[in-house]
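Observations on chain architecture
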Protein chains: 4
Amino acid sequence: MIIIMKPNATEEAVRGVTREIESKGLKVHLSKGDQVTIVGVVGDKGLLRGVNFEVAEGVDKVVAVTESYKLANKKFHPEDSIIHVGNTTIGPGNLTIMAGPCAIENQEQLMQTAFAVKKSGANFLRGGAYKPRTSPYSFQGLEEEGLRYMKEAREATGLNVICEVTSEHAIESAVKYVDMLQIGARNMQNFELLKEAGRSGVPVLLKRGLSATIDEWLNAAEYIMSEGNENVVLCERGIRTFETATRNTLDISAVPVLRSRTHLPVIVDPSHATGVRSYVAPLAKCAIAAGADGLMIEVHPNPACALSDGPQSLTFEQFDRLTSELRPYAALSGRSF
Amino acid sequence: MIIIMKPNATEEAVRGVTREIESKGLKVHLSKGDQVTIVGVVGDKGLLRGVNFEVAEGVDKVVAVTESYKLANKKFHPEDSIIHVGNTTIGPGNLTIMAGPCAIENQEQLMQTAFAVKKSGANFLRGGAYKPRTSPYSFQGLEEEGLRYMKEAREATGLNVICEVTSEHAIESAVKYVDMLQIGARNMQNFELLKEAGRSGVPVLLKRGLSATIDEWLNAAEYIMSEGNENVVLCERGIRTFETATRNTLDISAVPVLRSRTHLPVIVDPSHATGVRSYVAPLAKCAIAAGADGLMIEVHPNPACALSDGPQSLTFEQFDRLTSELRPYAALSGRSF
Amino acid sequence: MIIIMKPNATEEAVRGVTREIESKGLKVHLSKGDQVTIVGVVGDKGLLRGVNFEVAEGVDKVVAVTESYKLANKKFHPEDSIIHVGNTTIGPGNLTIMAGPCAIENQEQLMQTAFAVKKSGANFLRGGAYKPRTSPYSFQGLEEEGLRYMKEAREATGLNVICEVTSEHAIESAVKYVDMLQIGARNMQNFELLKEAGRSGVPVLLKRGLSATIDEWLNAAEYIMSEGNENVVLCERGIRTFETATRNTLDISAVPVLRSRTHLPVIVDPSHATGVRSYVAPLAKCAIAAGADGLMIEVHPNPACALSDGPQSLTFEQFDRLTSELRPYAALSGRSF
Amino acid sequence: MIIIMKPNATEEAVRGVTREIESKGLKVHLSKGDQVTIVGVVGDKGLLRGVNFEVAEGVDKVVAVTESYKLANKKFHPEDSIIHVGNTTIGPGNLTIMAGPCAIENQEQLMQTAFAVKKSGANFLRGGAYKPRTSPYSFQGLEEEGLRYMKEAREATGLNVICEVTSEHAIESAVKYVDMLQIGARNMQNFELLKEAGRSGVPVLLKRGLSATIDEWLNAAEYIMSEGNENVVLCERGIRTFETATRNTLDISAVPVLRSRTHLPVIVDPSHATGVRSYVAPLAKCAIAAGADGLMIEVHPNPACALSDGPQSLTFEQFDRLTSELRPYAALSGRSF
């Protein structure tokens, strides 16, 4: 931690700050410049918890030197992680493809979709049983009934299955049926849910919040990991900006940024990022080119009648064409599916 | 609902759309312009749930005509609501002042603060027992012990007390101790929590999410209200933008915008909006001038040693000076405290 | 300047950085922590121009300690400036009210408006002769003809007049007719225009760019001032965010932030910030409460037929009512108009 | 244009609106729903210039049906344009690679870079002679001297050359030396500059403004085209968001969005978008995968000593490795360079 004093800070103010640091058993490195004095703190800054140098006399600003996430931090775990889920792994070498409907509507819709996406190369079936919807009057999901359909689809196809959970109660149900839990964008900082997902021990796909910085996202992953569950995969799904041509703005730079800051795998969801079917294919290719470990894509037997997010869903044919087009990109990035 | 066709949409495409609408028992108003055809839908658009005109052949875009929130909507409830909480009301005529520490640290800190803010004119004591913190290694709150201190402070001072809840479990505990529940920014779209708060019947202060539009915020209020709990107060606390001089950007326009769209009271939290102590006073005045029904302000006996958000907390003296300065602004806006 | 090394930076990397600094005649303060080494630079960092420590071996990040703007900086000019324009001053004690149409449409419209706003208390007439419009097919302004009407209006009413300039050519014309030049949001980083405005010697109102940080804004002011023209007034007019209920988001916090960083006066434009007539009055009050030195408000004889920005313009009656309502707020903030 | 009336709009208010429309010689289509009445306008809405229905009695909102840009609009020009510049073309089939230093520093630096990037496959040399810099105290460019070096480099290597222009004066000089003008992000809505670039007849690369929507960007292109110069290429270079891990956020979705809205070619600048050297390669691949027509990349003989934007510049070796890696991606997208 570095404390930058104001240009007009008195000697007494500087002494006040250094005294406070030393009283906690830490060391101080003082650097007096022509205009400002800088106080460097040497030692475990955890000892300074509850001390707010920002409001101390004469202090201009406080700069953090190290990140607050540890388990997710590449600095302390330089090798990229491989996460084992169901009958597969997510990470280096593999390109993971998760596909399926936004919401599970009925058994037939889900089973049909499962066989179709399996045939086109997906290794995960996605489908929402608990739907967080902006309006309470929109379709909210089939809940446990939906989870049962997921389990049936997995038994019939051999696909791994993933489902979003929106409450501790949903986690309790989901762990009985699915291979991987998804925490959605709106719950990225629902810390109680993160901790519960951590305690479940089941692999977790953590989507980025709509206005979460990458550092906040990694701290959210740290909540799961600090409960003993290191099987976390991150999913970029677009952030909120002023642009309205797409539902969100896919922050594709997040892929290389995460690669440099964390060892956890990263997948990209071009369907939610854009909200527009015709933009899904170019952005899926782009995710692979940027180095993503996988994709999450919405597929529906009849998008015009989907109960949720139809405009962004691909038909079976469109998805099949897409996976064919993706294979050479996967090969270029040293991955296969 | 209005469906705007593409310039090159065929007659057949237009017929496809109108047939779909009429098959659901709704009426169509067709408007053929020089360049585009517009299809107006007349009747209850709820009947079109699960139909996605965006992906239908020839459709350019779909424009919603009415808001999805009903109970929170001023159009259907033109008179401003007065919410009864504890021994007071929030809404027209009153200026509600909620003050207290970000986090409850111990009994003495809370009790001291309660007496101080009461003396300066606050009628609510705020204090966090469950703290949503970006890092799992930051102080997470005293939980039920904190709630007990809140109840004691309320008995000792006559202040109404409000506490943030972050899980269904926290709601169960909180309803035994406090007058009002707070749903924080990070949980604004934690829909399970909103529904549970709705079912509790206890008045709820709903903070705006960091990147929530005003319409999403009103839909979140609708989640609480649709469970039968109409005692909802909104709290603007800053949104996330590119500006870094303040922690968030206080969207002061939200006050008049909400005034025109909803009958629910609106209060403003200048402490979280800015994250900087010296900006709290000007923004508090500004909130009253913009027409807010109240303020939520962080006050701490010793901000330099606060376990959470010290840099933005006022000392007792600063808070006392502030409330004196606020009285003439309250008078100008026809309110008292 | 502080250079933070990576945790795994070698001794050689640290020496590389320090050697570079010392070779330019500056001193180094080295602070070796448990995890990272920090290199403080002591002396005039201008000597390091053209050295990019970010890309040097072993460097994690570079933190600036001092702002790049000097003339606009409160640290070197602690007293708030008073800017003399025409027959008045902008700054402490005064509340400056600039009012008038978005675009000058004809002589009658402007003259009528001038008399009306004068009567209601404005001391500046605003009006656009050169209109930056999103589409080339929108009304672009009367240019020099409009400037002549401005001068006539000033002679008839005694109001000071201000006009936006969008090119060096427009500045050449405008200086013959008006008391103050306005640089609009879209041109805030049109540095050639800023320098030309600086060279003109005429007082300048510099609007904030739609996505400009406060520091960029002050650097833009510095461009004008570094040409020898210190008569700069800043105007907050809303920034671009994801919210669509208002045209822009008024960043009211900018007023106290600027007060702490610069000695230049600050005024607020609630008309452009919101784009909605009914939000102008609450936000005008709020600007005064936040400590602004003045307001810029759009007024039009017949907003329904304005050639530009009608929806946000006040009628004469609305403006007159507003100024009456503003007087007690001005009095509270120790200002008069 | 569609005008949506408020739920409580009177018959008289609806008549007022329709009368106004009909008085301009346009036709009205009225659609009376259960809750609201919608007024459709049929005919050339240019006739309604200067009428602001938003402020008319009883009006809730006004929805535009058609875009304001015409020449840039794909609806009226469905085939993708090919832009001829110097000895090459930008558009379908080709992958254009523009490379060079952010700022031209001296003849040797530029010439060295020109030969290096030519050898690695670039067909354009970029280099700034007029640098828009946030601070007036940063290096501002060599101006005409720099342009002369560009011309020399072009003669020596056969590369086409492109240079940013920041004023009408700079355009006058640049047209004598370069093949293509660049309008930078900060000047995207400097409409006088756009018009002047249009009148020059020289091909223009138009960068997206930091907070410009795609529609505003296309309207800016329209300014150039409406002066008779249809040789416009668009360049996505990152938008401003809350994320701070990268200098800007590359909006990669803009590539497919533009592909659907305009016939103009689109290139991507990953150097300015991220500001970080190690992110340039993944994002360059990603741009090609998304369908971009080209790339603009910063290359410098010695990035550690660059006078501008060193941290994001590639060395010659890094650039050479990158172009090799890009070739298979170009092949996949049916392009060559």
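Right, let's walk through the structure included here. (Residues numbered from 1 in each chain as written. Chains lettered and ligands numbered in written order. Predicted model: local features only at pLDDT ≥ 70, side-chain atom pairs only at ≥ 80, totals over all residues. Heavy atoms only, no water.)

Remarks on the side chain of Thr88(B)
Residue and element names in this part refer to chain B.
- Considering the arrangement of structural elements, one finds Thr 88 in strand β6 (residues 88–90).
- Thr 88 sits in the buried class, given a relative accessible area of 14%.
- Here Thr 88 is in contact with Ile 83, Asn 94, Asn 123, Phe 124 and Asn 160, once residues within four sequence places are set aside. (Helix = DSSP H or I, 4+ residues; strand = E, 2+ residues; numbered from the N terminus. Buried < 20%, exposed > 50% of the residue type's maximum accessible area, 1.4 Å probe, protein only. Contact = heavy atoms within 4.5 Å.)

Quick notes on the sheet that holds strand β11 (residues 204–207) of chain B
All names here are of chain B.
- The strand order around the closed barrel built from 8 strands is β7-β8-β9-β10-β11-β12-β13-β14, with neighbouring strands paired in parallel fashion. Within the sheet, the average angular offset between the axes of one strand and its neighbour, ignoring direction, is 25°.
- Pairing geometry for β11 and strand β12 (residues 232–236), over 4 bridges, is parallel. When the sheet's bridge partners are listed, Val 204 is paired in β12 with Val 232. (Pairing = 2+ DSSP bridges. Axes fitted to C-alpha atoms, helices over the stretch in contact; angles between N-to-C directions.)

A short note on the pattern of salt bridges
- By the definition in use, this model includes 80 salt bridges over all chains.
- Residue Lys195(A) is joined to Glu192(A) by a salt bridge in which the shortest nitrogen-to-oxygen separation is 3.6 Å. Taken together, the residues span about one helical turn, with Lys195(A) and Glu192(A) both in helix α5 (residues 191–200) at a distance of 3 residues.
- One continuous salt-bridge network, built from bridges that share partners, spans Arg208(A), Glu236(A), Asp251(A) and Glu243(D). (Salt bridge = Lys/Arg side-chain N within 4 Å of Asp/Glu carboxyl O.)

Quick look at the packing of aromatic side chains
- If you walk through the whole model with that rule in mind, you get 6 aromatic pairs over all chains.
- Over the ring of Phe337(C) we find Arg327(C); its NZ or CZ atom is 4.1 Å from the centre of that ring. (Phe/Tyr/Trp six-rings, centres within 6.5 Å; stacked < 30°, edge-to-face > 60°. Lys NZ or Arg CZ within 6 Å of the ring centre and 35° of its normal.)

Here we look at the relation of the copies chain B and chain A
- With an RMSD of 0.0 Å, chain B superimposes on chain A once it is rotated by 180° and translated 0.0 Å along the axis. Such values leave the two copies arranged in the relation of a two-fold axis. Ranked by how close their C-alpha atoms come to the rotation axis, the residues of chain B are headed by Ser211(B), at 2.9 Å.
- Interface overlap between copies: 100% of the residues of chain B at the interface are likewise at the interface in chain A, consistent with a symmetric, same-surface contact. (Least-squares fit on C-alpha atoms with pLDDT ≥ 70 in both.)

What about the packing of helix α10 (residues 316–332) of chain A against helix α10 (residues 316–332) of chain D?
- At a minimum axis separation of 11 Å, α10(A) and α10(D) run at an interaxial angle of 175°. Taken together, the axes of α10(A) and α10(D) are roughly antiparallel relative to one another. Across the interface between the two elements, Pro328(A), Tyr329(A) and Leu332(A) from α10(A) touch Pro328(D), Tyr329(D) and Leu332(D) from α10(D).
- Of the residues belonging to the contact of α10(A) with α10(D), the class tally is 6 nonpolar, no polar and no charged. (Parallel < 35°, antiparallel > 145°, perpendicular 65-115°, else oblique. Nonpolar A, V, L, I, M, F, W, Y, C, P; charged D, E, K, R; others polar.)

Some points on the environment of Glu11(C)
All names here are of chain C.
- Positionally, Glu 11 belongs in helix α1 (residues 11–23).
- For the pair formed by Glu 11 and Gly 128, sequence separation is 117 residues and the distance between their alpha carbons is 61 Å.
- A polar side-chain atom of Glu 11 sits 3.2 Å from a polar atom in the side chain of Lys 32. (Polar contact = N/O pair within 3.5 Å; in protein donor to acceptor, adjacent residues only side chain to side chain.)

With respect to helix α2 (residues 107–120) of chain B
All names here are of chain B.
- Helix length check: α2 (14 residues) gives 20 Å between terminal C-alpha atoms against 20 Å at 1.5 Å per residue, within 8%.
- Restricting attention to buried positions, one finds in α2 the residues Gln 109, Leu 110, Thr 113, Ala 114, Ala 116, Val 117 and Ser 120.
- The distance from a side-chain oxygen at the start of α2 to the backbone nitrogen of Glu 108 is 3.2 Å, and the residue carrying that oxygen is Asn 106.
- Taken from the residues just after α2, Gly 121 is the one with a positive phi, measuring 115°. (Expected span 1.5 Å × (residues − 1).)

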